[in-house]
There are 2 protein chains.
Amino acid sequence: MKFTCDTKELSRACNTVSRAAATKASIPALEGIKIDIKGKEVRLCGYNLELGITTMLESKGDSEEDGSVVLDAKMLCNIVKKLPNALTTIQADKKSTVTIKSGDSEFQLVYIPADKFPELPKIDEKSAISIPQAVFKEMIQQTIFAVADDAAKPIYTGALFKVEDGGLTMVGVDGYRLAKCHESIDYHGQPFDCVVPKKALLEISSLLDESGDKAVDISIGLRHAAFMIGNYEIFTRLLEGEFLDYEGAIPKSHATEIKVDVRTLVESVNRVALVVSEHLRSPIKMHVGNGQIGLSCATSIGAASDTLDANISGDDLLIGFNHKYLSDALRNAGCDEVRLQLNGPLSPMVVLPNSGDSFVFLVLPVRLKAG
Amino acid sequence: MKFTCDTKELSRACNTVSRAAATKASIPALEGIKIDIKGKEVRLCGYNLELGITTMLESKGDSEEDGSVVLDAKMLCNIVKKLPNALTTIQADKKSTVTIKSGDSEFQLVYIPADKFPELPKIDEKSAISIPQAVFKEMIQQTIFAVADDAAKPIYTGALFKVEDGGLTMVGVDGYRLAKCHESIDYHGQPFDCVVPKKALLEISSLLDESGDKAVDISIGLRHAAFMIGNYEIFTRLLEGEFLDYEGAIPKSHATEIKVDVRTLVESVNRVALVVSEHLRSPIKMHVGNGQIGLSCATSIGAASDTLDANISGDDLLIGFNHKYLSDALRNAGCDEVRLQLNGPLSPMVVLPNSGDSFVFLVLPVRLKAG
């Protein structure tokens, strides 16, 4: 195996695919990057059995040799980052050594034979959709904060993708809150659902381009999904299990509606939450009435209160909530003003955009002690 | 106690003095900031019995009340950082509560009575010196990397200040390396020595202004030293014990001298060191000869080598060293080119500026295995 690459391109590619390499695995190949050379085509792949990332580069040399090896991902990234010359040549001998050469610098590393690397999953494509990268990035942002990090039910560590005629709905839930968003897409096949792990969505989001109108092509199979983003392909195992009936959880009417500036409310919530600590949890109380939102909180550290103006219609109200859940929802709304819809102190708070319902966030209330 | 301050000024002041507050102490007052009001003068102080920082602010209100309280440093910093209004009023009642008010936000905290705060040390001034902040900052940078973080002998966790007629010398040593630097100062008193803890030097350095020609005034007593930097005063306990005879440790002649570009050498050393890990320590070998420096290193991970041009006079040489010590010395030299002076493979490597001897760094060699 032999090829010559642009050092910076190689470094960028190694860093990206290495994010799918395991950091600690009993099989060393899972901590590696697989390099395949075929003619001028250099293919890099990291795959930890749950998540995989591959990319392609072009060899810039004049004497490539086909072949495959696996190199420790961390070591390879560190070396390539520090290489001095604009071009780098990587060559494997028949035995076990790879030589990395750039300018006057030379490294010799022991490689792992390519047949120790796990086989990549074949995606038995059930459906394919395409969506602009910027739109998909915003959908991930508006859902992922509500996806559980680890849950008693593993299905809630992923976001539901519900694909229907003309639309994609994404939903995240963790038992205390719910985030749902919806966008139109050009799809006219059978409706179907799948649940994509949070870890994969985080990697996908970091590769998505916020500007421009390039699309991400998603192909979804029975057990795996693949996301094509420019030169990168990310594939992930799907989660299995039964997802919450989220439509049933969202209140259909409201007794109180508040229009409020997102930033002002986030700042007030965070300020009042300063007297809450990991050991001294206490709900934030929200008094709604007379054109104002009053926030207050008291713990054994001290007490805090704040007041802000808001556009309120409907009943006055006193409700308690966990500050983190409300501020997470507001921070990820991606708009300047939101509507809060309430149904008394025991019903979830609904957060909606100023107009329309491109997203819906639910925050469960905390029952306040009498007195 | 009552005063009104500019919120941003107060936040900056709290953040700085809180760096001298203990993060975990059996006496809660040591984790606090003491606030003293006297007329319009607001004095803030953090003091953990080893290091103290004080600063002054002006009250901008019209109804100050003299008095003193201690507030938890972390809590106070967090609150003040998030206050909404340009002005903040802090008021203590007779019992135990402080009210912090800014705009519509209000906090109530329990305070610690001021008499629980430790008394600040009185500096029995022995000597006083003054030095431009930028010069002092560079001296700290050129010494502190060689000061031990924790040592069998506590005296080596500080830098020696040697004050003589017309000059200040600073020295750091940790058993494997030595850094010494010297600058002229306007001093004509008795010569004397003291050892200032690394922790204090780090705080001092962060307050020193690199630009401009403002001075830092240092007053040194028997057990404490105080550094006046603009509006801040930092005082520290001095370390006691016998410091190394550093002049005796510095070789007076050399068999080989190398003039080399600092950045090129640092990059090469770091590159070759990539095959070294915490578990696989191995010295870097340096071959000097034929107008070139050859660096190489081999561990069970792999092997690395690199070559760079240098201006060499004197004997050829093969020497081993710990990569971290050499790259630390080079990174802190603060110049583009240095001289390396060598006396065979068992004598320390001396690093000097391109001309003069404003600093001298020593790096002890590692004995290479035969073969």
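Residues numbered from 1 in each chain as written. Chains lettered and ligands numbered in written order. Predicted model: local features only at pLDDT ≥ 70, side-chain atom pairs only at ≥ 80, totals over all residues. Heavy atoms only, no water.

### Regarding the overall build of chain A
Then comes step 1: Assigned secondary structure in chain A consists of seven helices and 26 strands.
Then comes step 2: Its C-alpha atoms give chain A principal-axis dimensions of about 80 × 50 × 35 Å.
Then comes step 3: Residues counted as buried form 51% of the 371 residues belonging to chain A.
Then comes step 4: Put simply, 66% of the contacts in chain A that link residues at least 6 apart link residues at least 24 apart.
Then comes step 5: Positive and negative side-chain charges in chain A, numbering 40 and 50 respectively, have mean positions lying 6 Å apart. (Helix = DSSP H or I, 4+ residues; strand = E, 2+ residues; numbered from the N terminus. Buried < 20%, exposed > 50% of the residue type's maximum accessible area, 1.4 Å probe, protein only. Contact = heavy atoms within 4.5 Å. Lys, Arg positive; Asp, Glu negative; His and termini not counted. Charge placed at Lys NZ, Arg CZ, Asp CG, Glu CD.)

### Let's talk about the domain arrangement of chain A
Then comes step 1: Each assigned domain of chain A is listed here: domain 1 (2-116), domain 2 (127-246) and domain 3 (251-363).
Then comes step 2: Each of domain 1 of chain A and domain 3 of chain A has a C-alpha centre, and the two are 50 Å apart. (Domains from an automatic or database assignment.)

### Quick look at the packing of aromatic side chains
Then comes step 1: A complete count under the given rule lists 16 aromatic pairs over all chains for this structure.
Then comes step 2: Their ring planes at 70 degrees and their centres at 5.3 Å tell us that Tyr156 of chain A and Phe243 of chain A sit as a pair that is edge-to-face. Of this pair, Tyr156 of chain A sits in the loop between helix 3 (133-144) and strand 11 (158-164) while Phe243 of chain A sits in the loop between strand 17 (232-237) and helix 5 (246-249), placing them 87 residues apart in sequence. Of the two residues examined, Tyr156 of chain A and Phe243 of chain A, each falls in the buried class.
Then comes step 3: Ring geometry for Tyr187 of chain B against Phe192 of chain B: centres 6.2 Å apart, planes inclined by 65 degrees, an arrangement best described as edge-to-face. Like Tyr187 of chain B, the residue Phe192 of chain B is buried in the burial classification.
Then comes step 4: Counting every residue linked through ring pairs, the aromatic cluster contains Phe136, Phe161 and Phe227 of chain A. (Phe/Tyr/Trp six-rings, centres within 6.5 Å; stacked < 30°, edge-to-face > 60°.)

### Here we look at the side chain of Ser59 of chain A
Residues and elements named next belong to chain A.
Then comes step 1: Mapped onto the elements, Ser59 comes out in the loop between strand 4 (51-58) and strand 5 (67-72).
Then comes step 2: Its relative accessible area of 1% is what places Ser59 among the buried residues.
Then comes step 3: Here the side chain of Ser59 touches Thr4 through a polar contact of 3.2 Å, landing on its backbone nitrogen.
Then comes step 4: Separated by 3.5 Å, the side chain of Ser59 and the backbone nitrogen of Gly61 make a polar contact. (Polar contact = N/O pair within 3.5 Å; in protein donor to acceptor, adjacent residues only side chain to side chain.)

### Here we look at the environment of Ile204 of chain A
Residues and elements named next belong to chain A.
Then comes step 1: Assignment of secondary structure puts Ile204 in helix 4 (residues 198-207).
Then comes step 2: In this structure the C-alpha to C-alpha distance between Ile204 and Ile35, which are 169 residues apart in sequence, comes to 21 Å.
Then comes step 3: Ile204 has contacts with Phe136, Ile140, Phe227, Ile229 and Ile234, leaving out every residue within four places of it along the chain.

### Some details on the side chain of Asp306 of chain A
Then comes step 1: Tracing the backbone through its elements, the reader meets Asp306 of chain A in strand 21 (residues 302-309).
Then comes step 2: Take Asp306 of chain A: its relative accessible area is 3%, and that puts it in the buried class.
Then comes step 3: A polar contact of 2.7 Å, which involves the side chain of Asp306 of chain A, links it to the side chain of Arg271 of chain A.
Then comes step 4: At 3.0 Å, the side chain of Asp306 of chain A forms a polar contact with the side chain of Ser105 of chain B.
Then comes step 5: Setting aside residues up to four positions removed in sequence, Asp306 of chain A forms contacts with Ser268, Arg271, Val272, Ile293, Gly294 and Leu295 of chain A together with Asp104 and Ser105 of chain B.

### Observations regarding the sheet that holds strand 24 (residues 337-342) of chain B
Residue and element names in this part refer to chain B.
Then comes step 1: An order of 14-11-12-13-26-25-24-18-22 is seen for the nine strands of this open sheet, with the pairing classed as antiparallel. Edge positions in the open sheet fall to strand 14 (192-197) and strand 22 (311-314), since each of these has one partner strand only. Geometrically, the sheet is characterised by an average inter-axis angle of 20 degrees between neighbouring strands, direction not taken into account.
Then comes step 2: Summarising the sheet, strand 11 (residues 158-164) and strand 14 pair through six bridges and their orientation is antiparallel. Counted as the bridge partner of Leu160 is Val195 from strand 14.
Then comes step 3: The strands that helix 4 (residues 198-207) touches are strand 11 and strand 14; relative to strand 14, the one it contacts most, it runs at about 80 degrees.
Then comes step 4: Those strands touched by helix 6 (residues 262-272) are strand 18 (256-261) and strand 24, and its axis lies near 95 degrees from that of strand 18. (Pairing = 2+ DSSP bridges. Axes fitted to C-alpha atoms, helices over the stretch in contact; angles between N-to-C directions.)

### Focus on the relation of the copies chain A and chain B
Then comes step 1: Mapping chain A onto chain B calls for a rotation angle of 180 degrees and an axial translation of 0.0 Å; the resulting RMSD is 0.0 Å. Here the symmetry operator amounts to a two-fold rotation axis. Minimal C-alpha separation from the rotation axis in chain A is found for Thr23 of chain A, amounting to 16 Å.
Then comes step 2: Mapped onto chain B, 100% of the interface residues of chain A again fall at the interface, so both copies present the same surface. (Least-squares fit on C-alpha atoms with pLDDT ≥ 70 in both.)

### With respect to the interface of chain A and chain B
Then comes step 1: Taken together, the 24 residues of chain A in the interface contact 24 residues of chain B.
Then comes step 2: Among the residues chain A hides against chain B, the three largest losses belong to Lys82, Arg271 and Leu274 of chain A. Together they make up 29% of the total.
Then comes step 3: Taken together, chain A and chain B are joined by zero salt bridges.
Then comes step 4: Taken together, the links from chain A to chain B amount to 10 residue pairs in polar contact (both at pLDDT 80 or more).
Then comes step 5: The set of elements that each furnish at least two residues to the side of chain A that touches chain B consists of helix 2 (73-82), strand 8 (105-110), helix 6 (262-272) and strand 21 of chain A. (Buried area = accessible area lost by both parts, 1.4 Å probe. Salt bridge = Lys/Arg side-chain N within 4 Å of Asp/Glu carboxyl O.)

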